[in-house]
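Structural features, examined
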Amino acid sequence: MIKDFEFYHGAALSRIVHNESFVSIKRFNSEDNSAYLINDSVGLYIKYSTKRLTPWRFTFLREHHEIIQRMKQLVH
């Protein structure tokens, strides 16, 4: 069975793959399965909402900020 995060992450990653001729996508070493490295040079953190209508609100916890900061340090 496909998990919700796999469904939504797949949609986002599919857009990237279909707009590039070569793409390397690696899961960033994170505990929450939301962080990826694209071509070893771009960090991507995916949040999604199952709410149908706007406004969509996202909460970034301290752990999310820390993961994003680690990705930023790695790719720069």
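In short, a report on the structure. (Residues numbered from 1 in each chain as written. Predicted model: local features only at pLDDT ≥ 70, side-chain atom pairs only at ≥ 80, totals over all residues. Heavy atoms only, no water.)

This part takes up the overall build of the protein. Regarding its fold elements, the protein presents two helices and three strands. Going from N to C terminus, the protein has its helices and strands arranged as α-β-β-β-α. In terms of overall dimensions, the protein has C-alpha extents of about 35 × 30 × 25 Å along its principal axes. Looking at the protein as a whole, 20% of its 76 residues qualify as buried. Summarising the internal contacts of the protein: among those between residues at least 6 apart in sequence, 43% fall at separations of at least 24. In the protein, which carries 11 positive and 8 negative side-chain charges, the distance between the mean positions of the two groups comes to 6 Å. (Helix = DSSP H or I, 4+ residues; strand = E, 2+ residues; numbered from the N terminus. Buried < 20%, exposed > 50% of the residue type's maximum accessible area, 1.4 Å probe, protein only. Contact = heavy atoms within 4.5 Å. Lys, Arg positive; Asp, Glu negative; His and termini not counted. Charge placed at Lys NZ, Arg CZ, Asp CG, Glu CD.)

Once that is clear, we can look at the environment of Ser 14. With respect to the secondary-structure elements, Ser 14 resides in helix α1 (residues 4–18). For Ser 14, a relative accessible area of 32% gives the class partly exposed. Residues Ser 14 and Asp 40, 26 residues apart in the sequence, show an inter-C-alpha distance of 17 Å.

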